[in-house]
Amino acid sequence: MKALAGVLLGLFVLAFSAGGAQAQATQPYASPALGITFPLELGGFRLMRLTDFEARQRGLGTGIYYGHQSPFVVVDIFIYDKNGTVPSGHEPPAIAAEAQQAIADIYAVAANGLYADVRVFNGPTSCKAGGVLYQCASLEFTRTPKDQPAVPTRSLLLIKGVKGNFVKIRLSWPQAVHAQAEPIVDRWVEAFGKLLPAN
């Protein structure tokens, strides 16, 4: 489990700190883990790409990425089970522990020099977003990509258990467009809530 956690952190760094253009997905993605199909467009966001982490190591699942161009907002979705039994909902201790681990991963990314000035100003705590209950946290940090300008960033983290899997979502956007991004973020979260299957 310790080795798996290390790999998960490595994938977290890869997914959340990568910059630049990404190739768009060409068709909707049918998730066998959740039994739902992620459309090419969801809440005004475009499905950008998919990553099969499961092919790298069992238990890591799938990464699904949506993007909104203006204002710039990215959504990272991870569906995985860590080779274990994941309880449903947002209240079980395992879900709360995974939310705490997600925050620890963000600080680990900062320790690697890819983020700076990380501040968790809300959570992890229970919340309702888009009509769905999650473990939630709100964060601020500065992205410090190599050879690029630093970008003060806001991020919303949502985690719950669904059909034996963790569903971890992070929506991130530049602090400079926060006022414009908030309603865009709310729209996507609501659309995703309607897509997500009942436990």
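Residues numbered from 1 in each chain as written. Predicted model: local features only at pLDDT ≥ 70, side-chain atom pairs only at ≥ 80, totals over all residues. Heavy atoms only, no water.

*Asks:* I'm lost on unusual backbone geometry in this one. Help?
*Replies:* Among all residues except glycine, the phi angle is most often negative; among peptide bonds, the trans geometry is most common. Residue proline 71 is reached from serine 70 by a cis peptide bond, and omega for that bond is 0°. Secondary-structure assignment places proline 71 in the loop between strand E5 (62-68) and strand E6 (73-80). Despite not being glycine, aspartate 117 has its phi angle at roughly 55°, a positive value. Inspection of the secondary structure assignment puts aspartate 117 in strand E7 (residues 115-129). Accessibility expressed as a relative area gives 65% for aspartate 117, which makes it exposed. With a phi angle near 50°, lysine 163 is a residue other than glycine that sits in the positive phi range. Relative to the assigned elements, lysine 163 resides in the loop between strand E9 (151-162) and strand E10 (165-174). By relative accessible area, lysine 163 is classed as partly exposed at 46%. (Helix = DSSP H or I, 4+ residues; strand = E, 2+ residues; numbered from the N terminus. Buried < 20%, exposed > 50% of the residue type's maximum accessible area, 1.4 Å probe, protein only.)

*Asks:* How should the nonpolar core be read in this particular structure?
*Replies:* Proteins that are soluble and globular tend to have nonpolar side chains buried together. In terms of nonpolar packing, the biggest core is built from 34 residues, with Phe38, Tyr66, Ile77, Ile169, Leu171, Trp188 and Phe192 touching the most fellow members. Every element with two or more residues in this core is listed here: strand E2 (36-38), strand E4 (45-52), E5, E6, strand E8 (132-143), E9, E10 and helix H3 (178-195). Aside from chain neighbours lying at most four places away, what touches tryptophan 188 is Leu42, Gly43, Phe45, Tyr66, Val75, Ile77, Ile169 and Leu171. Of all hydrophobic cores here, the second largest spans 20 residues; its members include Leu60, Tyr80, Ile106 and Phe166. (Core = buried A, V, L, I, M, F, W, Y, C linked by side-chain atoms within 4.5 Å. Contact = heavy atoms within 4.5 Å.)

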